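Each chain, letter by letter, is given below.
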Amino acid sequence: TWADLRKRLELQDFGPESQDAAAVELIRQRGALEDVKAGRFYDAVAKVKRIWASLPGAGYGQGERTMQWLAQRYENAGGTLA
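Residues numbered from 1 in each chain as written. Predicted model: local features only at pLDDT ≥ 70, side-chain atom pairs only at ≥ 80, totals over all residues. Heavy atoms only, no water.

**Student:** Even after reading the chapter, I still don't get unusual backbone geometry, so can you show me in this structure?
**Tutor:** Trans peptide bonds make up most of the peptide bonds, and negative phi angles are found at most residues other than glycine. Positive phi values are uncommon outside glycine, yet Glu-10 reaches one of about 55°. Along the chain, Glu-10 falls in the loop between helix H1 (2-9) and helix H2 (16-29). Judged by its relative accessible area of 62%, Glu-10 falls in the exposed class. (Helix = DSSP H or I, 4+ residues; strand = E, 2+ residues; numbered from the N terminus. Buried < 20%, exposed > 50% of the residue type's maximum accessible area, 1.4 Å probe, protein only.)

**Student:** What is the right way to read the pattern of salt bridges from this model?
**Tutor:** All told, the structure shown has six salt bridges when counted by the stated rule. Residues Glu-25 and Arg-8 are paired through a salt bridge, measuring 3.3 Å at the closest nitrogen-oxygen approach. Placement of Glu-25 in helix H2 and of Arg-8 in helix H1 is noted, with a sequence separation of 17 residues between them. On the basis of relative accessible area, Glu-25 is assigned to the buried category, the value being 10%. Looking at Arg-8, the relative accessible area reads 41%, which means it is partly exposed. One salt-bridge network, in which partners are shared between bridges, spans Asp-4, Arg-8, Glu-25 and Arg-28. (Salt bridge = Lys/Arg side-chain N within 4 Å of Asp/Glu carboxyl O.)

**Student:** Which parts of the structure should I look at to understand H2?
**Tutor:** Since the α-helix packs 3.6 residues into each turn, any two residues three or four apart lie on the same face. Between its terminal C-alpha atoms H2 stretches 20 Å, which fits the 20 Å expected from 14 residues at 1.5 Å a residue. By the burial criterion, the buried members of H2 are Ser-18, Ala-22, Glu-25, Leu-26 and Ile-27. (Expected span 1.5 Å × (residues − 1).)

**Student:** Got a minute to help me understand the packing of aromatic side chains in this structure?
**Tutor:** To describe a pair of aromatic rings, you give the distance between the ring centres and the angle between the ring planes. Summed over all chains, the structure comprises three aromatic pairs. Their ring planes at 85° and their centres at 4.7 Å tell us that Trp-2 and Phe-14 sit as a pair that is edge-to-face. Pair noted here: Trp-2 is in helix H1 and Phe-14 is in the loop between H1 and H2, with a separation of twelve residues, a long-range link. With a relative accessible area of 25%, Trp-2 lands in the partly exposed category. On the numbers, 4.8 Å between centres and 35° between planes, the contact of Phe-41 with Tyr-74 is tilted. Residue Phe-41 is found in helix H4 (residues 41-48), and its partner Tyr-74 is found in helix H5 (residues 67-76); the two are separated by 33 residues along the sequence. (Phe/Tyr/Trp six-rings, centres within 6.5 Å; stacked < 30°, edge-to-face > 60°.)

This is the structure in structure tokens:
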């Protein structure tokens, strides 16, 4: 995934800005970017949960965070819930 994103987005490194750009692109690819922008947090998570194993409902059998935990972190980072 990273090799493809790095090439397509012309990312220069694996620093925080590049990782953010890659994450936004993955969110966009799943059709969740407009949900994020509109504050439709739960809709966005439902669309991207299979990308990140720790998201609620990802289903990979790894340590998933709860929706409450995730929503709290999202709000603490400045996000709004619709």
